[in-house]
Amino acid sequence: MTEIIRSLADLSGRYDALFCDLWGCLHNGVTPFPAAVSALQSFRAGGGKVILVTNAPRPKSSVVKQLDAMGLPRDAWDDVATSGDATQAAMLSGAAGPRIHHIGAPKDEPFFTDFEDDLAHLVAKADITRVSLDQATGIVCTGMADDLTETPDDYRGKLLMAKAKGLKMLCANPDIIVDMGDKRLYCAGALAKAYEDMGGESLYYGKPHPPIYDLARRRLGLDEARILCVGDGIKTDVQGGLGEGLDTLFVTGGIASHEFGPDFSNPDNDLLQSWLASHQLSATFAIGYLR
């Protein structure tokens, strides 16, 4: 049974590192959550390491710039592993062939230009060209071109054409939806699922799939570390952690907040246990908000 805790400090001394989600856990897409920032700062002050593990479809450098602009202090984390980084590695290794068609927004352009040092060996060997869909050997999907207005239905024709060509889609963000402030947006995962539903092949590199955890472990750089996965996504953060054999802390006040009673800071235990059972998943711990 999942244990509800009051604060991250309740677990003091039990873990060497956190794999901590960003959106819905540490910020809302607009501003950081002060209590969550303070909790991570305190964990690091006690000797722990924090790897921010995010399904953002952009490389680490782009995410760090976004966090800096948002005002998230750098002393709250040690390193960052993004779904974009893991997808870049797959693209550079030839998972979608040499001619890539991009589905995504202009803000995601760094995916094709900015590579971290630990991918340099792949960059040196790769020969990737961006092309129109009719010339493509594969697709990289980082999201909607305009996620403020578009839905997967707007891409039905393009996806049907890709399926007819037998193209693989590399999904750089497995999330289906995300909340930006008070607005709910579709992510790349929604397009990848729509593609699969019509018979296409989608490959995933972010949570809950292994590639991003492999990357996070490499960037953590600790052998035999006791790791706690923290996040608000039952199908990403919790399922991913369980798949890796890691303990998980489910932040109930995020994307599923309305499922656990009117007090988002303090989830109702009966509602929580019932909801987790309905998903056939069980987190090690749960908390209203990271604090």
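Quick note: structure is the one above.
Remember, it's a predicted structure, so these values are computed and weren't measured experimentally.

Trainee: Help me out: how do you make sense of empty space enclosed by the protein in this one?
Mentor: To find leftover empty space, a probe the size of one water molecule is rolled over the atoms. Counted according to the given criterion, the structure contains one cavity of 30 Å³ or more. Computed from the structure, the largest cavity encloses a volume of approximately 40 Å³. Lining the largest cavity, in full, are Phe19, Cys20, Asp21, Val53, Lys207, Tyr213, Cys229, Val230 and Asp237. Counting residues per element, the ones that place at least two in the lining of the largest cavity are strand 2 (17-20) and strand 12 (227-231). Looking at the lining of the largest cavity residue by residue, the classes come out as six nonpolar, no polar and three charged.

Trainee: Could you clarify how one ought to interpret helix 9 (residues 269-278) in this entry?
Mentor: For helix 9, the complete set of buried residues consists of Leu272, Gln273, Trp275 and Leu276. Projected onto a plane normal to the axis of helix 9, the buried residues spread over an arc of 165 degrees and lie on a single side. Residues of helix 9 that are exposed and point over 90 degrees away from its buried face: Asp270, Ala277 and Ser278. Where helix 9 is buried, its residues contact strand 1 (3-4), helix 8 (234-243), strand 13 (247-251) and strand 14 (285-287). Among the residues of helix 9, the N-terminal cap falls to Asp268, whose side-chain oxygen and the backbone nitrogen of Asp270 are separated by 3.1 Å. Two residues or fewer after helix 9 comes Gln280, characterised by a positive phi angle close to 55 degrees.

Trainee: Would you mind going over the packing of helix 3 (residues 83-92) against helix 7 (residues 210-220) with me for this structure?
Mentor: Pairs of packed helices are described in terms of their axes, by the angle between the two and the distance that separates them. The contact between helix 3 and helix 7 brings their axes to 9 Å, and the two run at 105 degrees. Relative to helix 7, helix 3 is oriented roughly perpendicular. Contacts from Ser83, Asp85 and Ala86 in helix 3 reach Pro211, Ile212, Leu215 and Arg219 in helix 7. In the contact of helix 3 with helix 7, the residues fall into four nonpolar, one polar and two charged.

Trainee: Any chance you could explain the packing of helix 5 (residues 156-165) against helix 6 (residues 188-197) here in plain terms?
Mentor: Two elements in contact, helix 5 and helix 6, have axes separated by 10 Å at closest approach and are oriented at 55 degrees. Between helix 5 and helix 6, the crossing angle belongs to the class labelled oblique. The two elements helix 5 and helix 6 cross, and the hand of that crossing is right-handed. The residues of helix 6 that touch helix 5, namely those facing Leu159, Ala162 and Lys163, are Leu191, Ala194 and Tyr195. Residues of the contact of helix 5 with helix 6, tallied by class, amount to five nonpolar, no polar and one charged.

Trainee: Can you help me understand the sheet that holds strand 8 (residues 168-171) in this one?
Mentor: Either a parallel or an antiparallel arrangement is found when strands of a sheet pair, and the pairing is made through backbone hydrogen bonds. Within the open sheet, the five strands sit side by side as 6-5-7-8-11. Their pairing is parallel. Edge positions in the open sheet fall to strand 6 (129-130) and strand 11 (201-204), since each of these has one partner strand only. Two elements, strand 5 (residues 99-103) and strand 6, share two bridges in a ladder whose sense is parallel. Its bridge partner lying in strand 6, Arg99 is registered against Thr129. Along the sheet, helix 3 makes contact with strand 5, strand 7 (138-141) and strand 8, crossing strand 8 at roughly 150 degrees.

Trainee: What's the story with the layout of surface pockets in this structure? I'm lost.
Mentor: Here the second largest pocket is characterised by a volume of approximately 300 Å³. Residue contributions to the lining of the second largest pocket peak at five residues, all from helix 1 (residues 34-45). A breakdown of the residues in the lining of the second largest pocket according to their chemical character gives nine nonpolar, eight polar and one charged.

Trainee: Could you clarify how one ought to interpret helix 6 in this entry?
Mentor: One turn of an α-helix holds 3.6 residues; hence residues three or four places apart share an orientation. Of all 10 residues making up helix 6, seven are buried, and the element is well covered by its neighbours. Note on helix 6: the residue one or two positions beyond its end, Gly199, has a positive phi of about 100 degrees.

Trainee: Would you mind showing me how to read the environment of Gln239 here?
Mentor: Checked against the element boundaries, Gln239 lands in helix 8. A residue is classified by how much of its surface remains accessible, and Gln239, at 32% relative accessible area, is partly exposed. The sequence separation of Gln239 and Ser282 amounts to 43 residues, and the corresponding C-alpha distance is 8.6 Å. What Gln239 contacts, discounting residues up to four positions off in sequence, is Pro208, Ile234 and Leu281.

What counts, and where the lines are drawn
Residues numbered from 1 in each chain as written. Predicted model: local features only at pLDDT ≥ 70, side-chain atom pairs only at ≥ 80, totals over all residues. Heavy atoms only, no water. 1 Å grid on protein atoms, 1.4 Å probe; cavity = no way out; pocket = protein on both sides within 12 Å on 5 of 7 lines; lining within 4 Å. Points joined across faces, edges and corners; volume = space filled by probe spheres on them. Helix = DSSP H or I, 4+ residues; strand = E, 2+ residues; numbered from the N terminus. Nonpolar A, V, L, I, M, F, W, Y, C, P; charged D, E, K, R; others polar. Buried < 20%, exposed > 50% of the residue type's maximum accessible area, 1.4 Å probe, protein only. Arc of directions from axis to C-beta. Contact = heavy atoms within 4.5 Å. Polar contact = N/O pair within 3.5 Å; in protein donor to acceptor, adjacent residues only side chain to side chain. Axes fitted to C-alpha atoms, helices over the stretch in contact; angles between N-to-C directions. Parallel < 35°, antiparallel > 145°, perpendicular 65-115°, else oblique. Left-handed = near helix turned anticlockwise from the far one by under 90°. Pairing = 2+ DSSP bridges.

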